[in-house]
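Residues per chain, in single letters:
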Amino acid sequence: MAQTLAASQFKAAIQAAESAAGTPEEKAEMLMEIAMGMQMRPKTPDQLQHAVALYERALDLCPAEAVLLRARLRARMGTALQALPDGGVDALHRARACYEEAIPVLKEKGRPEEVAEAEMNLGLVLQSLSSAGAARIQEAIRCYHAALKVFTRDAYPQEYAILHNNLAIAYLSIPLSDERGKMREALAVQSFEEVLKVINLVDHPTEYAMVQNNLGNALQYAASGHPLENNLRALAAYDEALKVRNARDTPLEYANTISNKANVLRNLPDELENPGSGRRANLLRARELCEEARRIFLSLNQVGSAAVVEEALAEIEQELADQSARRGNGDGRASRL
């Protein structure tokens, strides 16, 4: 039913453009507006495919001298292409070409916000392509920084948050193969913290929990001269995420966060002011969290995640056994004195 409706909307749009009075430029603008409407909350992938086709038809109608409109059409077509759920790498390459052709014209004749939006979207495309080995993540990072010159925190908080979230993920995706790795980790932490200056627990609970969880991961695994401080900050971030994530409503996200929290606890002394006091209490708490995470992962058929937690549990059991053995040896020596 939805596919039939999408097809009828597409045919009606083409017929309206062909029969309407007006210049080719006006008809191209009309097709662009219809295509943009199809992209909003599409019910099927067909609607996005039809939107792409409408942009292509609009480009065929649009006069060559209408360079700004043609650039806007290409930028909009890029958004439809990158949204295709089954478009794959080919659609992303087409979207990239659309943005790279549109941006120079938008810079010359368009508004700064149009340029920044296109640069942000190009960054998203390049980041996706980099995951497939078809682009360099550094190119995406450059696009995000260019967009941030316009999308400031005060003027465009939503775009600012999106850009910094993707910047953080981009920084963390680069292997730590050079001396700048520590700096990139620090920049990722900084970007996640910038996102949290825009979103909050009350108005954006889902996004807030996701960013807090990601911030915790970035802090926990960052190479730092202050590991204890980083782990404490990571623990606080996971606890913030757990204000939203719970076993009933978001079981998978909850399991991910408690398993992350368990990893932090394993590395914290029971008494912070006395690091030599041991870690037994925190290891026991970490074991509880891992066991709960494993149960949830298995119930959701997340076999890979359950296996990772199983490995962590085995390591925790070994650490507890080693501690017990050390205590036993200490008691034995004391009895012989």
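Residues numbered from 1 in each chain as written. Predicted model: local features only at pLDDT ≥ 70, side-chain atom pairs only at ≥ 80, totals over all residues. Heavy atoms only, no water.

Asks: I would appreciate a short explanation of the overall build of the protein chain in the present structure.
Replies: From N to C terminus, the protein chain includes 14 helices and zero strands. Its C-alpha radius of gyration of 26 Å places the protein chain more than 25% over the 20 Å reference for a compact globule of 337 residues. Taken over the C-alpha atoms alone, the protein chain extends approximately 105 × 45 × 35 Å along its principal axes. Considering only contacts within the protein chain whose residues lie at least 6 apart along the sequence, 56% involve residues at least 24 apart. When the 38 basic and 46 acidic side-chain charges of the protein chain are each reduced to a single mean position, those positions are 3 Å apart. (Helix = DSSP H or I, 4+ residues; strand = E, 2+ residues; numbered from the N terminus. Rg over C-alpha atoms; globule rule 2.2 N^0.38 Å. Contact = heavy atoms within 4.5 Å. Lys, Arg positive; Asp, Glu negative; His and termini not counted. Charge placed at Lys NZ, Arg CZ, Asp CG, Glu CD.)

Asks: Can you help me understand the packing of helix α6 (residues 112-131) against helix α7 (residues 137-148) in this one?
Replies: Pairs of packed helices are described in terms of their axes, by the angle between the two and the distance that separates them. For the pair α6 and α7, the least separation of the axes is 8 Å and the interaxial angle reads 160 degrees. Relative to α7, the element α6 lies roughly antiparallel. For α6 against α7, the interelement crossing comes out left-handed. Along the contact surface, α6 presents A116, E119, M120, L122, G123, L124, L126, Q127 and S130, while α7 presents I137, E139, A140, C143, Y144, A146 and A147. Within the contact of α6 with α7, the residues separate by chemical class into eleven nonpolar, three polar and two charged. (Axes fitted to C-alpha atoms, helices over the stretch in contact; angles between N-to-C directions. Parallel < 35°, antiparallel > 145°, perpendicular 65-115°, else oblique. Left-handed = near helix turned anticlockwise from the far one by under 90°. Nonpolar A, V, L, I, M, F, W, Y, C, P; charged D, E, K, R; others polar.)

Asks: Explain the state of the cysteines here, please?
Replies: A disulfide bridge is the covalent bond that connects two cysteines by way of their sulfur atoms. Per the counting criterion, the structure on display carries zero disulfides. C62 takes part in no disulfide bond, and the closest cysteine sulfur, belonging to C98, lies 14 Å away. (Disulfide = S-S within 2.5 Å.)

Asks: Mind showing me how you'd approach the nonpolar core here?
Replies: Within the largest apolar cluster, 93 residues are counted, with the highest numbers of intra-cluster contacts made by Y55, L73 and L106. Every residue in contact with L106, bar those within four places of it in the chain, is listed here: L68, A71, R72, A75, R111, E114, V115 and A118. (Core = buried A, V, L, I, M, F, W, Y, C linked by side-chain atoms within 4.5 Å. Buried < 20%, exposed > 50% of the residue type's maximum accessible area, 1.4 Å probe, protein only.)

Asks: Looking at this structure, I do not really get the packing of aromatic side chains. What am I missing?
Replies: For any pair of aromatic rings, the description rests on two quantities: the centre-to-centre distance and the angle between the ring planes. In this structure the tally under the stated criterion is one aromatic pair. Ring centres of F151 and Y156 lie 5.1 Å apart, and the angle between their planes is 65 degrees; on these two criteria the pair is classed as edge-to-face. F151 gets classed as buried once you look at its relative accessible area, which sits at 4%. The exposure class assigned to Y156 is partly exposed, which follows from its relative accessible area of 25%. (Phe/Tyr/Trp six-rings, centres within 6.5 Å; stacked < 30°, edge-to-face > 60°.)

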